[in-house]
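A closer look at the structure
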Amino acid sequence: MDKNEILANFQACTGNEDIGESMAILEQCDWNLQTAVNAAIGTQEPMQGVQGAQSSNGHQTLETMLTFSCKLGGVVKDVALLDSNTVGDLKQIASIELGITAAETQFEEWPVQSAIPHPSDDTVLSALHLPHLNRMNIKMHPHLNNVSIGVEADDLNPLPLSCSAFPQ
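Per an unreviewed UniProt entry, the protein carries the name FAS-associated factor 1-like and comes from Ciona intestinalis.

Here it is as structure tokens:
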């Protein structure tokens, strides 16, 4: 994973939008994502992902680290996020890890135990009541499977060009 991917994952996990501050924390942790996230959220437990936060009613709330094993074709990438992140955050990071755009990313199905079978990008992960480890299959939107080249505006028969990056 390169430093840009580590930075994106760190910001998604911690919610820290300040790039300079995020990079400083990562530098202090030798770009180790797990150590940096733990340092940023104030826990020294290895990726257990429990962070104390005050809710509006003054009670202590716990955030849990969830891991998603995202598979696209033969490629599998693990993404770790706090359950306070959204499905859109997961989609964004998974797309970075898999080398596709977020617009191309489509989850085939959510784990059986998900409380919401078809969550929107705005759905907070904690609302899904997921286990700590989840396996996700990702497919690309069907309309993105072919790339057309040499098409004129009045050409009725574009030449589809299959690409190995876009499974048929």
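Next comes the rest of the write-up.
**Things to note about the confidence of the model for the protein**
Considering every residue of the protein, the mean pLDDT works out to 74; 70% of them sit at 70 or more. Taken as a whole, residues 43–56 scores under 50 in pLDDT and shows 29 contacts with residues more than four places along the chain or in a different chain. Contacts of residues 144–159 to residues separated by more than four positions or lying in other chains number 19 contacts, the stretch itself having pLDDT below 50.

**Notes on the nonpolar core**
Where a protein is soluble and globular, its nonpolar side chains tend to be buried together. With 36 residues, the main nonpolar core has Phe68, Cys70, Leu81, Leu90, Trp110 and Ile138 as its most contacted residues. Taken domain by domain, the makeup of this core includes at least three residues from each of domain 1 (3–41) and domain 2 (65–140). Excluding its chain neighbours within four sequence positions, the residues that come into contact with tryptophan 110 are Phe68, Val87, Leu90, Pro117, His118, Pro119, Leu128, Leu130 and Met136.

**Details of helix H1 (residues 3–14)**
Spanning twelve residues, H1 covers 16 Å between terminal C-alpha atoms, matching the ideal 16 Å at 1.5 Å per step. Measuring from the side-chain oxygen of the N-cap residue of H1 to the backbone nitrogen of asparagine 4 gives 3.2 Å; that N-cap residue is aspartate 2. Once H1 ends, the next one or two residues include glycine 15, with phi positive near 75°.

**Quick look at the sheet that holds strand S6 (residues 133–140)**
Strand order in this open sheet of four strands is S4-S3-S6-S5, and the pairing throughout is mixed. Both edges of this open sheet fall to strand S4 (75–82) and strand S5 (105–107), since each of them pairs with a single strand only. Averaged over all pairs of adjacent strands, the angle between their axes in this sheet comes to 35°, without regard to strand direction. Across three bridges, the pairing between S5 and S6 is antiparallel. What sits directly across from threonine 105, in S6, is methionine 140. Where helix H4 (residues 87–98) meets the sheet, its contacts fall on strand S3 (65–72), S4, S5 and S6, and the angle it forms with S4 comes to roughly 145°.

**Thoughts on the side chain of serine 69**
Take serine 69: it is sitting in strand S3. Take serine 69: its relative accessible area is 11%, and that puts it in the buried class. A polar contact is formed between the side chain of serine 69 and the side chain of aspartate 78, at a distance of 3.2 Å. If we skip the residues at most four places from it in the chain, serine 69 touches Val76, Lys77, Asp78, Asn134, Arg135 and Met136.

**Things to note about the pairing of S4**
As paired strands, S3 and S4 are joined by eight bridges and run antiparallel to one another. Looking at the pairing, leucine 72 lines up with valine 75 of S4. The hairpin turn running from S3 into S4, its antiparallel successor, is two residues long, and glycine 73 in that turn takes a positive phi close to 60°.

Parameters at a glance
- Residues numbered from 1 in each chain as written.
- Predicted model: local features only at pLDDT ≥ 70, side-chain atom pairs only at ≥ 80, totals over all residues.
- Heavy atoms only, no water.
- pLDDT = per-residue confidence, 0-100.
- Contact = heavy atoms within 4.5 Å.
- Core = buried A, V, L, I, M, F, W, Y, C linked by side-chain atoms within 4.5 Å.
- Buried < 20%, exposed > 50% of the residue type's maximum accessible area, 1.4 Å probe, protein only.
- Domains from an automatic or database assignment.
- Helix = DSSP H or I, 4+ residues; strand = E, 2+ residues; numbered from the N terminus.
- Expected span 1.5 Å × (residues − 1).
- Polar contact = N/O pair within 3.5 Å; in protein donor to acceptor, adjacent residues only side chain to side chain.
- Pairing = 2+ DSSP bridges.
- Axes fitted to C-alpha atoms, helices over the stretch in contact; angles between N-to-C directions.

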